[in-house]
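Per-entry structural report
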Amino acid sequence: MTDIKKITDKLKNEQNASDEELLWLLDFDGDTEYLRSSADEVRKKVYGDEVYIRGLIEISNHCKNNCLYCGIRASNPNVTRYRLTKEDILACCKSGYELGFRTFVMQGGEDGYYSDEVMCDIVACIKALYPDCAVTLSLGERSRESYSALKKAGADRYLLRHETADDVHYSKLHPENLTLESRKKCLFDLKETGYQVGSGFMVGSPFQTNETLVKDFRFLQYLSPDMIGIGPFISHKDTPFKNEKNGSLSLTVKLISILRLMFPHALIPATTALASLDSKGREMGLKAGANVVMPNLSPESVRDSYSLYDNKAHSGSEAAESLALLKELVKKAGYRVVTDVGNVKR
Ligand code: SAM
């Protein structure tokens with residue numbers, strides 16, 4: 001038996017492998033079809049052909065942080081900054097609900113405007129209007145008290161990527177005031193507060209190595225998140241990483257398969273970054289083990305401004321209003337978009 005088969009089978013049967021085996025798999029640049037089809041098999045066993053959709057509302061591109069990779073970093077003067085009001089957000093939810101979305105993900109930069117008071121009111125209003133919907137937040141690092149207040153207001157889930165589980169790597173991607181320690185604390189605060197938690201990392205971020213990726217796997221095993229979001233790093237012209245190479249499609253797809261085998265029950269999105277990198281990206285992600293897509297529900301007028309990286313996709317099947325197109329794409333890949341999901345856990 002070849003090593004790719006041996007290691008894939010081990011991952012499938014034990015949801016684990018040694019560091020050496022994982023490094024071998026990451027280094028391997030031959031045919032990975034066995035890995036991909038095994039991940040698809042596991043995904044089908046756990047989730048059938050269902051693909052879950054989440055309506056993504058990008059509520060603000062104001063951010064106090066200066067992450068070196070991110071296009072909406074505070075010190076980028078070339079961003080047209082915007083923030084959505086409660087009314088804007090409720091209008092997005094209304095049109096999303098009519099389209100069949102039952103999860104609203106509010107994501108934004110770390111914007112002080114969205115104090116606990118403002119955000120709790122928005123979350124409570126959404127839950128009052130749409131009690132059958134899940135509310136997911138992705139608003140960066142906040143205090144444990146803040147996470148707790150938002151949870152009490154009705155938030156169900158929180159997405160916060162750990163970005164990298166290696167301290168030195170983390171410090172090369174972020175300014176000094178942001179630390180891996182505090183990121184991890186937020187993630188455990190979120191878990192302990194009762195959220196369903198999503199974490200993850202960029203693929204091919206500058207200074208990432210196969211060794212740091214193995215640390216990412218180990219951290220995810222320790223955290224045991226409900227969702228794991230990975231997408232390729234894509235450079236943005238107004239950041240210190242403007243000349244850095246983009247993450248690769250093949251590595252992202254390979255990592256989706258490894259993660260599916262290690263975390264059979266995780267929700268794994270085929271991300272916008274993957275779809276932005278390659279027109280076949282999302283389809284390839286789904287076939288490799290991903291089972292969630294998050295089309296954009298933000299008002300069209302602001303979609304251009306939430307520019308995390310160059311050439312970010314926000315039209316066609318990436319746009320929530322083109323749900324029919326997305327359903328067709330998912331069907332062609334061999335799966336089925338599920339709307340009207342009453343079960344918040346999914
Ligand atoms: N502020 C919140 C946070 O930090 O979690 C949410 C918004 S943040 C922009 C969402 C995610 O975008 C980050 O976790 C990061 O992984 C991703 N991102 C930022 N810049 C990116 C880039 N250049 N390429 C790919 N993904 C990027």
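My aim in this report is to walk through the structure given alongside it, one point at a time. Because the structure is predicted, anything quoted here is derived from the model rather than measured.

1. Digging into the sheet that holds strand β4 (residues 134-138)
Strand order in the open sheet formed by 6 strands is β2-β3-β4-β5-β6-β7, and the pairing between neighbours is parallel. Of all the strands in the sheet, just β2 (55-60) and β7 (227-232) have a single pairing partner and so form its edges. Within the sheet, the average angular offset between the axes of one strand and its neighbour, ignoring direction, is 20°. Inspection of the sheet shows strand β5 (residues 157-159) paired to strand β6 (residues 196-203) by 3 bridges, in the parallel sense.

2. Quick word on the site of the ligand
Around the ligand, the surrounding shell holds 18 residues, and the nearest of these are Tyr 69, Gly 108, Arg 161, Glu 163 and Ile 234. Between the ligand and Arg 183, the relevant distance is 3.4 Å, taken from an oxygen atom to a side-chain nitrogen or oxygen of the residue. Tallied by class, residues from the shell around the ligand come to 10 nonpolar, 5 polar and 3 charged.

3. Thoughts on the sheet that holds strand β9 (residues 336-338)
Strand order in this open sheet of 3 strands is β8-β1-β9, and the pairing throughout is parallel. Of all the strands in the sheet, just β8 (292-293) and β9 have a single pairing partner and so form its edges.

4. Describing the packing of helix α1 (residues 3-14) against helix α3 (residues 33-47)
It is the contact of α1 with α3, at a shortest axis distance of 10 Å, that shows an interaxial angle of 15°. Regarding the angle of α1 to α3, the classification is roughly parallel. Our pair here, α1 against α3, has a crossing hand that is right-handed. The segment α1 lies against α3, with Ile 4, Lys 5, Thr 8, Asp 9 and Lys 12 engaging Tyr 34, Leu 35, Ser 38, Glu 41 and Val 42.

5. A few points about the packing of helix α6 (residues 144-153) against helix α8 (residues 180-193)
The interhelical angle for the contact between α6 and α8, taken along N-to-C directions, is 35°, at an axis separation of 9 Å. The interaxial crossing formed by α6 with α8 has right-handed handedness. Contacts between α6 and α8 pair Arg 144, Tyr 147, Ser 148 and Lys 151 from the former with Cys 186, Asp 189, Leu 190, Glu 192 and Thr 193 from the latter. Of the residues belonging to the contact of α6 with α8, the class tally is 3 nonpolar, 2 polar and 4 charged.

6. Points about the environment of Pro 77
Within the secondary structure, Pro 77 is located in the loop between β2 and α4 (86-99). Along the sequence, Pro 77 and Asp 238 sit 161 residues apart, while their C-alpha atoms lie 8.6 Å from each other.

7. A closer look at helix α14 (residues 323-333)
Those residues of α14 that fall on the buried side of the exposure criterion are Leu 323, Leu 326, Val 330 and Ala 333. Around the axis of α14, the buried residues are gathered within 85° of arc, so they sit on the same side. Residues of α14 that are exposed and angled more than 90 degrees away from the buried face: Ala 324, Lys 331 and Lys 332. Where α14 ends, the next residue or the one after it, Gly 334, has phi of about 105°, a positive value.

Reading guide: rules and limits
- Residues numbered from 1 in each chain as written.
- Predicted model: local features only at pLDDT ≥ 70, side-chain atom pairs only at ≥ 80, totals over all residues.
- Heavy atoms only, no water.
- Pairing = 2+ DSSP bridges.
- Helix = DSSP H or I, 4+ residues; strand = E, 2+ residues; numbered from the N terminus.
- Axes fitted to C-alpha atoms, helices over the stretch in contact; angles between N-to-C directions.
- Near = heavy atom within 4 Å.
- Polar contact = N/O pair within 3.5 Å; in protein donor to acceptor, adjacent residues only side chain to side chain.
- Nonpolar A, V, L, I, M, F, W, Y, C, P; charged D, E, K, R; others polar.
- Parallel < 35°, antiparallel > 145°, perpendicular 65-115°, else oblique.
- Left-handed = near helix turned anticlockwise from the far one by under 90°.
- Contact = heavy atoms within 4.5 Å.
- Buried < 20%, exposed > 50% of the residue type's maximum accessible area, 1.4 Å probe, protein only.
- Arc of directions from axis to C-beta.

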